[in-house]
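Residue-level structural notes
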Amino acid sequence: MTAGGTGQPATDRGEKGGGARTALAGLTTRGRSFLAAGIAAAICAYVLGQPDLLRVGLLLAALPLICAAVVYRTRYRVAGSRRLSPARVPAGSEARVHLRMDNVSRLPTGLLMLQDRVPYVLGPRPRFVLDRVEAGGRREVSYRVRSDLRGRYPLGPLQLRLSDPFGMCELTRAFSTYDTLTVIPRVEPLPPVRLSGEAKGYGDGRQRSLALAGEDDVIPRGYRYGDDLRRVHWRLTARYGELMVRREEQPQRSRCTVLLDTRGTAFQGAGPDSAFEWAVSGAASVLVHMLERGFSVRLLTDTGDSVPGEGADGFAGPSQESADAAGLMMDTLAVVDHSDGTGLSRSYDVLRGGNEGLLVAFFGDLDEEQAAVAAKMRQRSGGAVAFLLDGDGWVREPNGVPDPMNRQEERLRMLREAGWTALGVPRGASLAELWRQADRERAGVTTGSGTSGGEGGA
């Protein structure tokens, strides 16, 4: 069976283990009861010398055996398909699974029980009873799945349970393929602000690059054989008395790197409401938001791995569709887990290799050494925003004892002194509100309800 297409007919997996053993193993409780009653009646008839009781016993014992033989010898040719709508769904949202069964044989089927295997986190196992399917006919059913935990979950294989009219025997025949449902992190819409200090993803406020690279193209130069005549600068040609070729510029997309701290030692707790899940969801929200604003974006983790990794710099370049880049990064975030690392040095080595544009980081707990490493990341970025999650605060009760050392405030101070726009993230905080607050702090505004961003900002 293949998703969205016709699959192979279902096969009986028990044929290799022996036909008789497979048929007897499929006896239901009713069938086993009839068989046991028949054998007991036959023994009593032999002991008591009652031939009529013997005939009753033989009838009781033969009925489930005949039903098992008939069900086992049934050869329906049934093809199935599965379609996910959608195949990628945010955590906490529902997806619908459509199943289609086609009878590709020339004979009608009997009563069929259709069952699909799903992981327990997606809900109960769906079961459907299909009435008689005529030759060449089809039946379509659907069910819904939902998970609060991100991840990749297999659906299938699809199973058919064949039963006789008396309910004496049931045999399971299964397809061999399955599909995968990807549950991605929740994405929170973010307001447009100007954290990068620039106007748009493209335009006058952006860095520009030359269409033809080279030092000779920095200023207009003399005409060379093979140059396009459309590049002739006629005003300078009239001034210098020879053909002068003008430079051509093209806008270069601004860059944004989203750094996600995945160190296992930096986060405490687990589950949909944990600090780590908030950080993953926040990274996903910023990635989608910046792609929509026209930025070249990449995802970087503390291990130094970057996504999507196109080219040497790891950014999603202009040749890559934003939807494809977003899908690739969402698939990565769907399965990201805690790393075994204890430091941020690998990600720092990646960031110090060039000008990364805007840097948005989601940090867990930072000790003094890692806070110093994080502070140095600001040196190679045009703008830097850090969201610092207090792991202890997320696992403490709301009315619990506060941290007497106030370590988070000390780490925030170190980052701010290095040039970061650093914000602490309390439990249950809204990323959209923190996003506005970061814009206000960057603009030097500490109070007020409005945002300083405008149209086309970050």
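Residues numbered from 1 in each chain as written. Predicted model: local features only at pLDDT ≥ 70, side-chain atom pairs only at ≥ 80, totals over all residues. Heavy atoms only, no water.

Observations regarding the pairing of strand 4 (residues 94-103)
Here is the rule we go by: Here the rule is simple: two strands pair whenever DSSP picks up at least two bridges between them. Going along the chain from the N terminus, every DSSP run of H or I of four or more residues is numbered as a helix, and every run of E of two or more is numbered as a strand.
Examined bridge by bridge, strand 2 (residues 78-85) and strand 4 share eight bridges and lie antiparallel to one another. Across the sheet, Arg 82 pairs through a bridge with Leu 99, a residue of strand 4. Here strand 4 pairs with strand 7 (residues 138-146) via nine bridges, running antiparallel. In the sheet register, Arg 96 faces strand 7, and the bridge partner there is Arg 144.

A look at helix 11 (residues 431-442)
The condition that has to hold: How far a helix is expected to stretch is found by multiplying one less than its residue total by 1.5 Å. Per-residue accessibility, obtained with a 1.4 Å probe over protein chains only, is compared with the maximum for each type, and a residue is labelled buried under 20%, exposed over 50%, and partly exposed between these values. Any two residues having at least one pair of non-hydrogen atoms within 4.5 Å are treated as being in contact.
Taking 1.5 Å of rise per residue, the twelve residues of helix 11 would be expected to cover 16 Å, and the 16 Å separating its terminal C-alpha atoms lies within 8% of that figure. Within helix 11, the full set of buried residues consists of Leu 431, Ala 432, Leu 434, Trp 435, Ala 438, Asp 439 and Arg 440. Close packing links the buried residues of helix 11 with helix 5 (275-292), strand 19 (358-363), strand 20 (383-389) and strand 21 (421-425).

Observations regarding the pattern of salt bridges
Rule in force here: Think of a salt bridge as a Lys or Arg side-chain nitrogen and an Asp or Glu carboxyl oxygen that are within 4 Å of each other.
Across all of its chains, the model carries 18 salt bridges by this definition. Salt-bridge contacts for Asp 148 lead to Arg 146; the nearest nitrogen and oxygen are separated by 3.3 Å. Classification of Asp 148 as partly exposed rests on a relative accessible area of 33%. Judged by its relative accessible area of 39%, Arg 146 is partly exposed. Here the salt bridges do not stand alone but share partners, grouping Arg 82, Asp 116 and Asp 179 into one network.

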